[in-house]
Amino acid sequence: MLLKNTIKRFHLILFLFFVSFMQHATEEIHDIDIYKSLENIDEIRTSDPKSFSILLSEISNKQDLMSKAERYFFDYLNAYKLIYIGKSQEALPLLHIILLADDSDPLIKFRSRLTIINLHGIEQNWTKGLFHLSIILKELPEISNHRTKVNAYVVAAMFYNQIGQYSLGLKYAQSLTEIASTPKNICWAKTIEIESKFNLKQLNDIDSNIENSIISCKDEMIPRNFIRSYNAKLNLENNKPIEVINILSPYLKEVTATRYPRLIVEINTLLAEAYWLQENLEKAKEFALKSTEIGKNISTTQAVVAAYKLLYKIAKKQSNHQEIALQYHEIYAELDKTYIDETKAKYLAFQLAAHKELEQKNQIALLNKENALLSAERALIKANADNKRFIILILTIVISILLLWGYRLLKAHKRIKQLAEYDHLTGIYNRGHFSQIANAGLDYCKSAGQELSIIMFDLDYFKKVNDNYGHACGDWALKNVIHACKAIGRQNDIFARLGGEEFCILLTSCDKDSAYQRAETYRQAIADINTKESGFDFNITASFGVTDTKTSGYDLEKILADADSAAYSSKYAGRNQVTIFQAKTQKEKNSTELDSSRNAF
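The structure displayed is predicted, hence computed values, not measured ones. The residue count restarts for each chain, going from 1 along the sequence in the order it is written. Local features in this predicted model are restricted to residues of pLDDT 70 or higher, and side-chain atom pairs are both shown and tallied only at a pLDDT of 80 or more, whereas totals for entire chains, interfaces and linings draw on every residue. Where side-chain values are given, they derive from all heavy atoms of the structure, hydrogens and water being excluded.

**As for the pattern of salt bridges**
Point 1. Any Lys or Arg side-chain nitrogen located within 4 Å of an Asp or Glu carboxyl oxygen qualifies as a salt bridge. This structure, assessed with the given rule, holds 20 salt bridges.
Point 2. Lys558 is the salt-bridge partner of Asp562, the closest N and O atoms lying 2.5 Å from each other. Linking Asp562 with Lys558, this pair stays in helix α24 (residues 556–572), spanning four residues, or about one helical turn.
Point 3. Burial here depends on accessible area, computed with a 1.4 Å probe over protein chains only, as a share of the maximum for the residue type. Under 20% is buried, over 50% is exposed, and the range in between is partly exposed. Given the relative accessible area of 37%, Lys558 is considered partly exposed.
Point 4. Counted as one network, the salt bridges with shared partners bring together Asp42, Glu43, Arg111 and Arg147. Starting at the N terminus, helices and strands are each numbered in turn, a helix being any DSSP run of H or I of at least four residues and a strand any DSSP run of E of at least two.

**Focus on the environment of Ile245**
Point 1. Of note, Ile245 is situated in helix α12 (residues 241–248).
Point 2. Ile245 sits in the buried class, given a relative accessible area of 11%.
Point 3. Separated by 28 residues in the primary sequence, Ile245 and Glu273 have C-alpha atoms spaced 9.8 Å apart.
Point 4. A contact between two residues is defined here by any heavy atoms of the two lying within 4.5 Å. Contact partners of Ile245, with chain neighbours within four places excluded, come to Pro250, Leu271, Ala274, Tyr275 and Gln278.

**Examining the confidence of the model for the protein**
Point 1. Each residue carries a pLDDT value, the predictor's own confidence for that position, ranging from 0 to 100. Mean pLDDT over the protein: 80, with 78% of residues reaching 70 or higher.
Point 2. By mean pLDDT, the top-scoring element of the protein is strand β4 (residues 542–548) (96), and the lowest-scoring one is helix α25 (residues 586–600) (47).
Point 3. The model gives residues 10–31 a pLDDT under 50, and that stretch makes three contacts with residues more than four places away or in other chains.
Point 4. Ignoring residues within four places in sequence, the model shows residues 592–601, a span with pLDDT below 50, making one contact including any to other chains.

**Remarks on the sheet that holds strand β3 (residues 502–508)**
Point 1. At least two DSSP bridges between two strands are required for those strands to pair. Strand order in the open sheet formed by five strands is β2-β3-β1-β4-β5, with mixed pairing between adjacent strands. Sheet topology places β2 (494–499) and β5 (578–580) at the edges, where each strand pairs with a single neighbour. Put simply, the sheet's adjacent strands are angled 20° from each other on average, direction ignored.
Point 2. Relative to β5, β4 runs parallel, the two being bridged by three bridges. Across the sheet, residue Gly545 finds its bridge partner in β5, namely Thr579.
Point 3. Against the sheet, helix α22 (residues 512–527) makes contact with β1 (452–459), β3, β4 and β5, and its axis sits at roughly 165° relative to β4, the strand it touches most. Between N-to-C directions, angles span 0 to 180 degrees; the directions come from axes that are lines fitted to C-alpha atoms, helices contributing only their stretch in contact.

**Re the state of the cysteines**
Point 1. Any two cysteine sulfur atoms within 2.5 Å of one another count as a disulfide. Per the stated rule, a full pass over the model turns up one disulfide.
Point 2. Shown here is the disulfide that connects Cys187 with Cys217, its sulfur atoms set 2.0 Å apart. One disulfide, between Cys187 and Cys217, carries an S-S torsion of 105° and so falls in the right-handed class. Of the two residues, Cys187 sits in helix α9 (residues 183–199) while Cys217 sits in the loop between α10 (208–216) and α11 (221–237), which places them 30 residues apart along the sequence. Accessibility assignment for this pair places Cys187 and Cys217 in one class, buried.

**With respect to the packing of aromatic side chains**
Point 1. Here a pair means two rings of Phe, Tyr or Trp (six-membered ring of Trp) with centres within 6.5 Å. Their orientation is stacked below 30 degrees between planes, edge-to-face above 60, and tilted elsewhere. Taken as a whole, this structure holds 14 aromatic pairs when the rule is applied.
Point 2. With a centroid separation of 4.7 Å and an interplanar angle of 25°, the aromatic rings of Phe457 and Phe544 are classed as stacked. In this pair, Phe457 is assigned in strand β1 and Phe544 in strand β4, connecting sequence segments 87 residues apart.
Point 3. Residue classification places Phe544 among the buried residues on the basis of a relative accessible area of 0%.
Point 4. Judged by centre distance (4.9 Å) and plane angle (40°), the ring pair of Tyr469 and Phe536 falls under tilted. Note that Tyr469 is positioned in helix α20 (residues 462–469) and Phe536 in the loop between α22 and β4, a separation of 67 residues in sequence.
Point 5. Residue classification places Tyr469 among the partly exposed positions, given a relative accessible area of 27%.
Point 6. A relative accessible area of 33% means that Phe536 is categorised as partly exposed.
Point 7. In this structure an aromatic cluster arises from ring pairing among Phe457, Phe495, Phe503 and Phe544.
Point 8. Over the face of the ring belonging to Tyr461 we find Lys464, whose NZ or CZ atom lies 4.7 Å from the ring centre. Whether a charge sits over a ring depends on NZ of Lys or CZ of Arg being within 6 Å of the ring centre and within 35 degrees of the ring normal.

Structure (structure tokens):
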């Protein structure tokens, strides 16, 4: 009986062990199936967005059965889906959870940071995007996964293109081309390269590379249609609307099927502009309205801004739609201003990131020097144990002297920089430093195709103020003129004293009509200065001259001369007024030369 019970217990233990083993084996197989399914879903993210969304929704029912690794992978894919359908703010917390988790896969963490960079690009948070991009580029050499490395080059190239740094975008696109091994990777490399070359004016509408790139993207709907959009833009720039329609119209259904708002808006706006050039107002209006409707959530993109501008032009041309035209113009003006501000924000973010990187390198170099000094100190202490106290004393004295010398040198450097760059009386830029910054600003605006205006003004009868009330009063007047102008100016305006009572203001991304309004505001602010605080009662006025790069070009000497000429005209016309520089016609130039010849005799 005892033997029989022992055998029963043994069989029961074997049975339980078998059940446990089978359950564990089933869970392992199940885990493998889920992870494999997630990998398959990941593969079709861009090539088949619709199937990707469906399969991800189906597998979401198995979240309770997922391991931690699978859950992080699922969260990553779900974040990608949320971004794709325009719910970026819901995606960001999922990605940050992966980024901050100690037990998440380093590769998924790296890919999550790549997606965060894309997200910041969508949200136009350029500073944070550049911060994460700098981390990615530092970690990239340690990444062995070829697919992830390819994606990192894609993200870097795309982000640099987004902030207008097309040379860097082209650099990483070409690096991507060198390592791309699949049709999908080659497709993205070609797409980004074409975008970079288009914006760098290195592309033409007969470039065979365009057609070859479209062929290389036969399995990728989004990039191949973006390539078509750049081809259409080239033809639009060359005033070939029929070619634009022929390029884009056959693929409208395919573009709509991508469900990607930015691409859909881009194509609809290009078609609207093509029909406008053909004077087909109904078709132009139809596609422009589609663009504004689909682009509600991305209204500050260039394509949506262009669509509103086109709707304004269409309504204006229709005599019975003037009120609608005004409404469209108000929307266009507001969005265009926002677009310009965003472009400037991109440039400033890039400059700030470059500055921080340089500062970090300097800090590392300083730390290396300090480490070298400490190593030398330890070696000396070890080699001269008997003289330890004496050596420490000597080193302390030397370090103190070096620190004191360095502090004085730093103060002297700051003082020299202040004297070299700023006017000591008013605190604004002096003429020499202004010339350096102005030339850099002109070069940037020229390469970026942006307008730039300049305002010059000269205080009226300022010599009488010095003669009648003394130079101390004159200095008071100069300081208060600058204070009044800076109080109403933009933070990024370049303000300089060229000499005496002559001043100059350089306005980036500003046409001369806007600059004229700004000059009027400055003029009134100067005229409103209460001089009684100086101890004397007198009036301060100024004569202004305004011009822009569209009128005077991008040469600093020429634009300053034209603005000065306009300011002189203000003085000649009675002072205390603003004059916009007008370029002389050939007839006027000939008349001036004839008068000069007569005066010579």
